[in-house]
Amino acid sequence: MWVPGVGLPSRLMLSALTRAGRFCILKSGAVRLMDVPAGNRRGLSDYYPHLMPSVGFGKSSSRVYRCRSETKRYITSPRVAETLVRILRGKRKSCQLFLECNPGPGILTRALLESGAKVIALESDKTFIPQLESLGKKVNGRLEVVYCDFFKLDPRSRGILTPPVMTSDMLFQYLGIEAQPWSKGAPLKAIGILPPKTERSALWKLLHDLYSCTSIYKYGRLELNLFITEKESGIIKKIMANPQNPGLYQALSVLCQIACGIKLLHTESCLSFGTYTANGQLAKQKHRESLEQNLCFIQLTPHRNLFTGTLTPFNYDVFFHMLRQCFMKRNAKLIDHLHSLSPIDAMHILKQIKKDKDVKVIDMYPEDFQHLFETIECYKDDNYKWLYDDFMEDVII
């Protein structure tokens, strides 16, 4: 059984055979890396940014981190903090470990500690670190404070990194957290609020990391508990959509539901959250629209059996590509997409997945797409199974 951290198989080094036009053919499970621009490679590439050796977790960085240019929300209501603790802790009295992302003034941190939990506070704003460290001195080692931005772990760019930007390997090794087999439970629970201006891109990065089992998922099935803005046709509705919600259903929906168990745990008004000024004072919310919005608290738990079938961290790129191709023309018939996805006879594929020739992309449930991928990937009568379009490399979904 596969566990995080194993080496890449030799088949990833196979070159694709080029055909006429912009298409090439991939053998079963092969993911072409050689011709992909460095900026587009994720997860399976062989490089990591490096942490500047002279900078420690507790020392000031010589590089200015522009956290003030990014809006961050913080929990400012003790009532909300207590509600979240009840949801996450239940009646447990054991010392659970929580990774709190950007705790800010520490409202939720205190509530977690009072429940008997142990907390690792990853704070990206130095304004809050002294008061968090002061709190840590009162709880007998149950609070660890690290100058780190959880949502900027393992950035795609190359080069030297300085805290709060760092690699997950540096963070987890510093904390003494070891990788757990995928078959075991979550090594810890992470809690945070997705950055409001980059919710979509942050979620996509987490999905790439999850499917490739890199970054935080190199250490096991980390459970994420995140606040996401509830907007009309927003992300929260899209990740939970299916063919019964055709206007919201997209590749993001399929990937989230195949990878994770998704639970909507709580909905809270934006009035229970706040932003802080440069001197650490609570700022007034100016926009009426933002005041009327809610934030949804969702739980994303990676499925234990995600990688026990045909789908693996080594061929997930092909699965992503298949969904990109299909949802570019979401109202088209599936059979029309199959002609550009695989050289295998389209009618034979439809017969194997028990679908009619007139079935459309938006009629396919997430498990149907997984079955489609497995059917093509496991086809034994043809050496070449996937047609790969270079154009799709630069498509953002």
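This is a predicted model, so every value here is computed, not measured.

**Examining helix 12 (residues 366–377)**
So, point 1. Taking 1.5 Å per residue, 12 residues should reach 16 Å; helix 12 reaches 17 Å between its end C-alpha atoms and fits that length.
So, point 2. Here helix 12 lies mainly inside the structure; nine of its 12 residues are buried.
So, point 3. Taken as a whole, helix 12 has its buried residues at Pro 366, Asp 368, Phe 369, Gln 370, Leu 372, Phe 373, Thr 375, Ile 376 and Glu 377.

**With respect to the pattern of salt bridges**
Side chains that carry opposite charge are capable of pairing whenever their charged atoms lie near each other.
So, point 1. Tallied over the entire structure, the rule returns six salt bridges.
So, point 2. With a closest N to O distance of 3.0 Å, Glu 223 and Lys 189 form a salt bridge. One end of the pair, Glu 223, is in strand 10 (residues 223–230); the other, Lys 189, is in strand 9 (residues 189–193), and 34 residues separate them in sequence.
So, point 3. A salt bridge links Asp 358 to Lys 333; its shortest N-O distance comes to 3.1 Å. With Asp 358 in the loop between helix 11 (346–352) and helix 12 and Lys 333 in the loop between helix 9 (316–328) and helix 10 (334–341), this pair connects stretches of sequence that are 25 residues apart.
So, point 4. Using a relative accessible area of 41% as the deciding quantity, one classes Asp 358 as partly exposed.

**Brief notes about the sheet that holds strand 9**
So, point 1. Taken together, seven strands build an open sheet; the order of strands is 7-6-5-9-10-14-11 and the sheet is mixed. Strands at the two margins of the open sheet, each flanked by one partner only, are strand 7 (143–147) and strand 11 (260–269). Between one strand axis and the next, the sheet turns through 20 degrees on average, direction left out of account.
So, point 2. Of the strands in this sheet, strand 5 (97–101), strand 9, strand 10, strand 11 and strand 14 (294–302) are in contact with helix 1 (residues 78–89), which crosses strand 11 at around 155 degrees.
So, point 3. Sheet contacts for helix 2 (residues 107–114): strand 5, strand 6 (118–123), strand 7 and strand 9; angle to strand 5, the most-contacted strand, approximately 175 degrees.

**As for the UniProt feature "binding site: S-adenosyl-L-methionine" (unreviewed entry) in the chain**
So, point 1. Following the UniProt record, the feature "binding site: S-adenosyl-L-methionine" (unreviewed entry) maps to Ile 75, Glu 123 and Asp 149 here.
So, point 2. Summarising the element assignment, Ile 75 is placed in strand 4 (residues 74–75).
So, point 3. In this structure, Glu 123 is in contact with Tyr 74, Asn 102, Pro 103, Gly 104, Phe 128, Ile 129, Leu 132, Val 146, Tyr 147 and Cys 148, ignoring residues within four places of it in sequence.
So, point 4. Polar contacts involving the side chain of Glu 123 include one to the main-chain amide nitrogen of Gly 104, which spans 2.7 Å.

**Considering the pairing of strand 14**
So, point 1. Within strand 14, seven of the nine residues are buried, which leaves the element mostly enclosed by the surrounding structure.
So, point 2. Relative to strand 14, strand 10 is paired through seven bridges, and the arrangement is antiparallel. Across the sheet, residue Glu 230 finds its bridge partner in strand 14, namely Asn 294.
So, point 3. Pairing analysis gives nine bridges linking strand 11 to strand 14, with the strands arranged antiparallel. Counterpart to Ile 262 in the pairing with strand 14 is Leu 300.

**Section: the packing of helix 5 (residues 199–212) against helix 9**
So, point 1. In contact at an axis separation of 9 Å, helix 5 and helix 9 are set at 135 degrees when each is read in the N-to-C sense. Accordingly, the angle class assigned to the pair helix 5 and helix 9 is oblique. Contacts between helix 5 and helix 9 involve Trp 204, Leu 207, His 208, Tyr 211 and Ser 212 on the former and, on the latter, Tyr 316, Phe 319, Phe 320 and Arg 324.
So, point 2. Of the residues assigned to the contact of helix 5 with helix 9, the class counts are six nonpolar, two polar and one charged.

**Description of the nonpolar core**
So, point 1. In this structure, Phe 150, Tyr 211, Leu 224, Phe 319, Phe 369 and Leu 372 are the most contacted members of the largest nonpolar core, which totals 79 residues.
So, point 2. Take this core: its biggest share by element is eight residues, from helix 9.
So, point 3. Summarising the domain contributions, this core has at least three residues from each of domain 1 (72–281 + 291–302) and domain 2 (315–378).
So, point 4. Non-local contacts of Leu 224, meaning those with residues more than four positions away in its chain, are made with Phe 150, Ala 190, Leu 206, Ile 216, Tyr 217, Ile 298, Gln 299 and Leu 300.
So, point 5. If you look at the next biggest cluster of nonpolar residues, it comprises 31 residues, including Tyr 74, Ile 193, Phe 227 and Tyr 276.

**Focus on the packing of aromatic side chains**
So, point 1. Per the stated rule, a full pass over the model turns up 14 aromatic pairs.
So, point 2. Ring geometry for Tyr 211 versus Phe 319: centroids 6.3 Å apart, planes at 45 degrees, classification tilted. Of this pair, Tyr 211 sits in helix 5 while Phe 319 sits in helix 9, and the two are 108 residues apart along the sequence. Taken individually, Tyr 211 and Phe 319 each receive the classification buried, so the pair is uniform in this respect.
So, point 3. Look at Tyr 211 and Phe 320: their rings are 5.2 Å apart centre to centre, the planes differ by 80 degrees, and that puts the pair in the edge-to-face class. Taken together, the residues Tyr 211 in helix 5 and Phe 320 in helix 9 connect sequence positions 109 residues apart.
So, point 4. The class of Phe 320 is buried, set by a relative accessible area of 1%.
So, point 5. Taken together through their ring pairs, the aromatic side chains of Trp 204, Tyr 211, Tyr 316, Phe 319, Phe 320, Phe 373 and Trp 386 make up a single cluster.

Parameters and conventions
- Residues numbered from 1 in each chain as written.
- Predicted model: local features only at pLDDT ≥ 70, side-chain atom pairs only at ≥ 80, totals over all residues.
- Heavy atoms only, no water.
- Helix = DSSP H or I, 4+ residues; strand = E, 2+ residues; numbered from the N terminus.
- Expected span 1.5 Å × (residues − 1).
- Buried < 20%, exposed > 50% of the residue type's maximum accessible area, 1.4 Å probe, protein only.
- Salt bridge = Lys/Arg side-chain N within 4 Å of Asp/Glu carboxyl O.
- Pairing = 2+ DSSP bridges.
- Axes fitted to C-alpha atoms, helices over the stretch in contact; angles between N-to-C directions.
- Contact = heavy atoms within 4.5 Å.
- UniProt positions renumbered as here; feature names shortened; annotations may be inferred.
- Polar contact = N/O pair within 3.5 Å; in protein donor to acceptor, adjacent residues only side chain to side chain.
- Parallel < 35°, antiparallel > 145°, perpendicular 65-115°, else oblique.
- Nonpolar A, V, L, I, M, F, W, Y, C, P; charged D, E, K, R; others polar.
- Core = buried A, V, L, I, M, F, W, Y, C linked by side-chain atoms within 4.5 Å.
- Domains from an automatic or database assignment.
- Phe/Tyr/Trp six-rings, centres within 6.5 Å; stacked < 30°, edge-to-face > 60°.

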